[in-house]
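So the chains spell out like this:
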Amino acid sequence: MLALKATVASCSYQGRVCILRNLLRGSSATSGERMSFEDEKQKFLSMSSEEKRNFYKGKVTTLDQTPTWLEYWNKNNSNITRTVEKVEEVDEALAKKVSMWQGDITSLEIDAIVNAANSSLLGGGGVDGAIHRAAGPNLRKECATLGGCKVGEAKITGGYMLPAKYIIHTVGPRGEKPDKLKECYENSLSIAKENSLRTIAFPCISTGIYGYPQRPAAKVAISTVKNFLLDNKDAVDRIIFCLFLETDKDIYEDLLQKYFALN
């Protein structure tokens with residue numbers, strides 16, 4: 001900024017006018033870019049599910065294709081290794097609020113999917129990259145206006161070409177830091193509640209290249225979601241744990257028995 005002021009001061013009157021015009025053009029371009037993604041965002045948000053399906057390149061997964069934990073347990077309990085330990089039994093109404101589902105999170109036709117983002121929010125590898133590619137370039141434009149995101153925080157954008165209406169971006173911790181991971185789930189759920197979003201899906205935040213061990217991460221995820229549901233029974237219709245690896249599936253099958261134990 002000081003260098004710019006010095007340059008402007010040393011210029012002739014015409015030169016200063018030229019510099020100021022260029023600065024204004026840059027400001028207008030930024031404003032135009034903002035208007036561009038805002039227009040696209042509202043366009044997609046106003047579409048019906050059927051219209052949005054024309055923009056998603058893969059197969060769409062609807063909510064009724066993701067069984068609740070109650071449905072999953074009733075269908076598969078004879079084949080699931082039973083756990084002895086139970087944290088606390090829940091009623092069937094609460095067991096209908098959660099799902100474990102193995103598949104592509106970008107395919108889910110729900111209110112919001114959660115992106116395990118990096119601090120820049122501008123895209124990366126893994127789930128983050130897949131979400132940005134599927135949503136299209138306007139997602140990056142909107143993310144560029146958010147000023148990044150700190151570990152444990154969460155921010156919301158439109159879903160653009162995804163079947164989901166919105167994306168909630170959260171930055172998980174590197175390594176095993178349960179308090180920060182808990183914040184990721186709590187803040188994402190708070191944003192969903194604030195925006196009256198009834199269905200939300202989480203990936204396995206911070207596992208993979210961020211190095212959080214799978215089972216401890218799953219314990220944080222499930223216990224945090226359960227506590228949210230106990231305090232906000234009517235705030236959401238479904239919270240989906242979207243799993244990718246077979247080992248994640250085995251872990252969630254075991255832990256959901258403990259935290260969402262049924263009679």
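Looking up the chain in an unreviewed UniProt entry gives the name Macro domain-containing protein, with the organism given as Cardiocondyla obscurior.

Taken as a whole, the largest pocket encloses approximately 660 Å³ of empty space. What lines the largest pocket is a set of 27 residues, and nearest its centre among them are A116, G126, V127, C204 and T207. Elements that contribute at least two residues to the lining of the largest pocket include exactly β4 (112–117), α6 (126–135) and β8 (238–243). For the lining of the largest pocket, the leading source of residues is α6, giving 4 residues.

A few words now on the nonpolar core. Among the nonpolar cores identified, the biggest contains 46 residues, and W69, I168, I200, L229, I239, Y252 and F260 are the most heavily contacted of them. With 8 residues, the single largest contributor to this core is helix α9 (residues 214–231). For F260, the contacting residues outside a window of four places in its chain are W69, V90, L94, V98, I222, K226 and L229. In terms of nonpolar packing, the next biggest core, distinct from the first, is built from 26 residues, W101, I131, A134 and L139 among them.

The subject of this paragraph is the side chain of K41. With respect to the secondary-structure elements, K41 resides in helix α2 (residues 13–45). In contact with K41, not counting residues within four places along its chain, are E142, T157, G158 and Y160.

The next thing to look at is unusual backbone geometry. Backbone geometry places L121, a non-glycine residue, at a positive phi of 65 degrees. Counting through the fold element by element, L121 comes out in the loop between β4 and α6. The phi dihedral of S196 is positive, around 55 degrees, even though this residue is not glycine. With respect to the helices, strands and loops of the structure, S196 is situated in the loop between α8 (178–194) and β7 (199–202). Exposure remark for S196: the relative accessible area of 58% places this residue in the exposed category.

Position of D128 among the secondary structure elements: in helix α6. When the C-alpha positions of D128 and N115 are compared, they lie 5.9 Å apart, and in sequence the two are 13 residues distant. For D128, the residues in contact, after removing those within four places along its chain, are N115, A116, A117, N118 and G123.

What the 6 strands build is an open sheet, ordered β2-β8-β7-β4-β6-β5; its pairing is mixed. In this open sheet, the two edge strands, each paired with only one partner strand, are β2 (98–102) and β5 (154–158). Direction aside, the axes of adjacent strands within the sheet are offset by 25 degrees on average. Two elements, β4 and β7, share 2 bridges in a ladder whose sense is parallel. Its bridge partner lying in β7, I113 is registered against A201.

Within this structure, the stated rule accounts for 5 aromatic pairs. Ring centres of W69 and Y72 lie 6.0 Å apart, and the angle between their planes is 20 degrees; this geometry places the pair in the stacked category. One end of the pair, W69, and the other, Y72, are both in helix α4 (residues 69–76), 3 residues apart, so they sit about a helical turn from each other. Under the relative-accessibility criterion, W69 is labelled buried at 1%. Here W69 and W73 contribute two aromatic rings whose centre-to-centre distance is 5.8 Å and whose plane-to-plane angle is 40 degrees, an arrangement assigned as tilted. Linking W69 with W73, this pair stays in helix α4, spanning 4 residues, or about one helical turn. For W73, a relative accessible area of 11% corresponds to the buried category. Chaining the aromatic ring pairs together yields one cluster made of W69, Y72 and W73. In this structure, R174 packs its charged tip against the face of Y210, placed 4.0 Å from the ring centre.

Cut-offs and rules
- Residues numbered from 1 in each chain as written.
- Predicted model: local features only at pLDDT ≥ 70, side-chain atom pairs only at ≥ 80, totals over all residues.
- Heavy atoms only, no water.
- 1 Å grid on protein atoms, 1.4 Å probe; cavity = no way out; pocket = protein on both sides within 12 Å on 5 of 7 lines; lining within 4 Å.
- Points joined across faces, edges and corners; volume = space filled by probe spheres on them.
- Helix = DSSP H or I, 4+ residues; strand = E, 2+ residues; numbered from the N terminus.
- Core = buried A, V, L, I, M, F, W, Y, C linked by side-chain atoms within 4.5 Å.
- Buried < 20%, exposed > 50% of the residue type's maximum accessible area, 1.4 Å probe, protein only.
- Contact = heavy atoms within 4.5 Å.
- Pairing = 2+ DSSP bridges.
- Axes fitted to C-alpha atoms, helices over the stretch in contact; angles between N-to-C directions.
- Phe/Tyr/Trp six-rings, centres within 6.5 Å; stacked < 30°, edge-to-face > 60°.
- Lys NZ or Arg CZ within 6 Å of the ring centre and 35° of its normal.

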